[in-house]
Amino acid sequence: MTNSFTPARIGLGLFKVPVESTQALVEEALDVGYRHFDCASNYGNEAQLGAALSNSGLDRSNFTVTSKAWIDELGPTGIQDALKRSLDRLGLDSVDIYMIHWPAPERDLYVASFQEMLLLRQDGLIKNVGVSNFHIDYLERLRQEIGSLPVINQVERHPYLQQQELFTYHSKHGIASQAWGPLARAEVFADSRLASLAERVGASIAQLVLAWQLSSAVSVIPKASSRKRLEENLTSADLVLPEDVLKELNGFDRDYRTGPNPADKN
Ligand SMILES: NC(=O)c1ccc[n+]([C@@H]2O[C@H](COP(=O)([O-])OP(=O)(O)OC[C@H]3O[C@@H](n4cnc5c(N)ncnc54)[C@H](OP(=O)(O)O)[C@@H]3O)[C@@H](O)[C@H]2O)c1
């Protein structure tokens, strides 16, 4: 597979958005200008995302959706069924990006699942085959055993977990890097050093951190629950940070995860 895929720079993350408020939030986000939505079977709100997209009247080519297969949906048959269930709930004929949510290495099903996703892509049900939470050794297994790599890897990434080695591998192999938890699940807002950097550039902490992510060609999918925050996060795309500020932010890395190490999630 040749990797020439460029994801939207900013999308809306839907993890932990309550089912009853998802449709209204997506409608608000569409109104603000969001056109990419990050969802998963495990989030429980695909149907509400689908309803908002359908109500918008937007042409299918004007928005993109990611969904993901959960750990208990892995395996060739599992993936086929999971994708069909997701498409059904979303009310779509195809998903723009479909990901293995976690590799769950102890189950040893991610290689077979990925191979099945390549077939589902040939069938037109998946436009782009992606993965999430893959370390380099899992990607290498795909490359060596199937001779193919995902077009995108969505991993935890924020100032405290910068993923430099993994992203160097991505660049070498044409894999797009996408950050989940791009605001360290709100932990950035309690950081006084980030607050003073944000003040220096005349932006909010969210805008500072998201602009830093975008500056290294990493796409982001921050979750936000109000119109003000949706707008604030989207406008971070217009913020260009000076070199000295970028350099300081690069120094925040301390290999700190808000979520599990993918090796341990099985
Ligand atoms: N692939 C995976 O395994 C995986 C794992 C986790 C997440 N994800 C995806 O990544 C998305 C984002 O990650 P996340 O939701 O865990 O964390 P996040 O986006 O880093 O942080 C979200 C938190 O930041 C707050 N926030 C957002 N914008 C803000 C702003 N401008 N000012 C102040 N607070 C702000 C949100 O508050 P409010 O919501 O209250 O506004 C929420 O508490 C998820 O929704 C999901 O789509 C994927």
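Residues numbered from 1 in each chain as written. Predicted model: local features only at pLDDT ≥ 70, side-chain atom pairs only at ≥ 80, totals over all residues. Heavy atoms only, no water.

### Regarding the overall build of the protein
Piece 1. For the protein, the helix and strand inventory stands at ten helices and eight strands.
Piece 2. The C-alpha atoms of the protein give 18 Å as radius of gyration, which agrees with the globular expectation for 266 residues (18 Å, within 12%).
Piece 3. For the C-alpha atoms alone, the extent of the protein along its principal axes is close to 55 × 45 × 30 Å.
Piece 4. Taken across its 266 residues, the protein has 53% of its residues classed as buried.
Piece 5. At a minimum sequence separation of 6, the contacts of the protein that also span at least 24 residues come to 75%.
Piece 6. Approximately 11,600 Å² of the protein is accessible, and the part contributed by carbon and sulfur atoms is 46%.
Piece 7. Of the side-chain charges in the protein, 26 are positive and 34 negative, and the distance between the mean point of each set is 1 Å. (Helix = DSSP H or I, 4+ residues; strand = E, 2+ residues; numbered from the N terminus. Rg over C-alpha atoms; globule rule 2.2 N^0.38 Å. Buried < 20%, exposed > 50% of the residue type's maximum accessible area, 1.4 Å probe, protein only. Contact = heavy atoms within 4.5 Å. Areas by Shrake-Rupley, 256 points an atom, 1.4 Å probe, with all protein chains shown as cover. Lys, Arg positive; Asp, Glu negative; His and termini not counted. Charge placed at Lys NZ, Arg CZ, Asp CG, Glu CD.)

### Examining the sheet that holds strand E6 (residues 152-156)
Piece 1. Within the open sheet, the eight strands sit side by side as E1-E2-E3-E4-E5-E6-E7-E8. Their pairing is parallel. Each having just a single partner strand, strand E1 (12-13) and strand E8 (219-220) make up the two edges of the open sheet.
Piece 2. Along the sheet, helix H4 (residues 110-122) contacts strand E4 (95-100) and strand E5 (126-132); its crossing angle with E5, the most-contacted strand, is approximately 165°. (Pairing = 2+ DSSP bridges. Axes fitted to C-alpha atoms, helices over the stretch in contact; angles between N-to-C directions.)

### Comments concerning the layout of surface pockets
Any empty space left between the atoms is revealed when a probe the size of a water molecule rolls over them.
Piece 1. In this structure, the largest pocket encloses a volume near 730 Å³.
Piece 2. Looking at the largest pocket, it is lined by 32 residues, and the ones nearest its centre are Phe15, Gly181, Pro182, Arg185 and Lys223.
Piece 3. For the lining of the largest pocket, the element with the highest residue contribution is helix H9 (residues 227-234), accounting for three residues.
Piece 4. Broken down by class, the residue content of the lining of the largest pocket amounts to 15 nonpolar, nine polar and eight charged. (1 Å grid on protein atoms, 1.4 Å probe; cavity = no way out; pocket = protein on both sides within 12 Å on 5 of 7 lines; lining within 4 Å. Points joined across faces, edges and corners; volume = space filled by probe spheres on them. Nonpolar A, V, L, I, M, F, W, Y, C, P; charged D, E, K, R; others polar.)

### Considerations on the site of the ligand
Piece 1. Neighbouring the ligand are 28 residues, the closest being Asp38, Gln154, Leu183, Lys223 and Ser225.
Piece 2. Residue Gly181 places a main-chain N or O atom 3.1 Å away from an oxygen atom belonging to the ligand.
Piece 3. Contact with the protein chains covers 88% of the free accessible surface of the ligand, which is 910 Å².
Piece 4. Put simply, the ligand lies in the largest pocket.
Piece 5. Broken down by element, the residue count for the shell around the ligand peaks at three residues, all from H9.
Piece 6. Here the residues of the shell around the ligand sort into 14 nonpolar, eight polar and six charged. (Near = heavy atom within 4 Å. Polar contact = N/O pair within 3.5 Å; in protein donor to acceptor, adjacent residues only side chain to side chain. Sits in = over half its atoms within 2 Å of the grid points.)

### Some points on the environment of Leu194
Piece 1. Within the secondary structure, Leu194 is located in helix H7 (residues 192-201).
Piece 2. Owing to a relative accessible area of 0%, Leu194 belongs among the buried residues under this scheme.
Piece 3. Sequence separation between Leu194 and Val155 is 39 residues; the distance between their C-alpha atoms is 22 Å.

### Some details on the packing of helix H1 (residues 19-32) against helix H2 (residues 46-56)
Piece 1. Two numbers describe how H1 lies on H2: the axes approach to 8 Å, and their chain directions differ by 35°. Here the hand of the crossing between H1 and H2 comes out right-handed. Along its contact with H1, which presents Val19, Thr22, Gln23, Val26, Glu27 and Leu30, the element H2 presents Gln48, Leu49, Ala51, Ala52, Leu53, Asn55 and Ser56.
Piece 2. Considered class by class, the residues forming the contact of H1 with H2 number seven nonpolar, five polar and one charged. (Left-handed = near helix turned anticlockwise from the far one by under 90°.)

### What about empty space enclosed by the protein?
Piece 1. For the structure shown, the criterion picks out one cavity of 30 Å³ or more.
Piece 2. Here the largest cavity is characterised by a volume of approximately 50 Å³.
Piece 3. Every residue along the wall of the largest cavity is listed here: Asn133, Phe134, His135, Val155, Glu156, Gln163, Leu166, Arg257 and Pro262.
Piece 4. The residue inventory of the lining of the largest cavity, partitioned by class, reads four nonpolar, three polar and two charged.

### Observations concerning helix H5 (residues 136-145)
Piece 1. Turning to H5, its buried residues number three or more, namely Tyr138, Leu139, Glu140 and Leu142.
Piece 2. Of the residues one or two after H5, Gly147 is the one with positive phi, at around 75°.

### A closer look at helix H8 (residues 205-215)
Piece 1. Within H8, ten of the eleven residues are buried, which leaves the element mostly enclosed by the surrounding structure.
Piece 2. The set of residues buried in H8 consists of Ile205, Ala206, Gln207, Leu208, Val209, Leu210, Ala211, Trp212, Gln213 and Leu214.
Piece 3. Residues of H8 that are buried in the fold lie against strand E7 (176-180), H7, E8, H9 and helix H10 (243-250).

### Here we look at unusual backbone geometry
Piece 1. Although it is not a glycine, Ala104 adopts a positive phi angle of roughly 45°.
Piece 2. When you line up the elements, Ala104 lands in the loop between E4 and H4.
Piece 3. Residue Ala104 is classed as buried on the basis of its relative accessible area, which comes to 0%.
Piece 4. The phi torsion at Arg185 lies on the positive side, around 50°, for a residue other than glycine.
Piece 5. The exposure class assigned to Arg185 is partly exposed, which follows from its relative accessible area of 43%.

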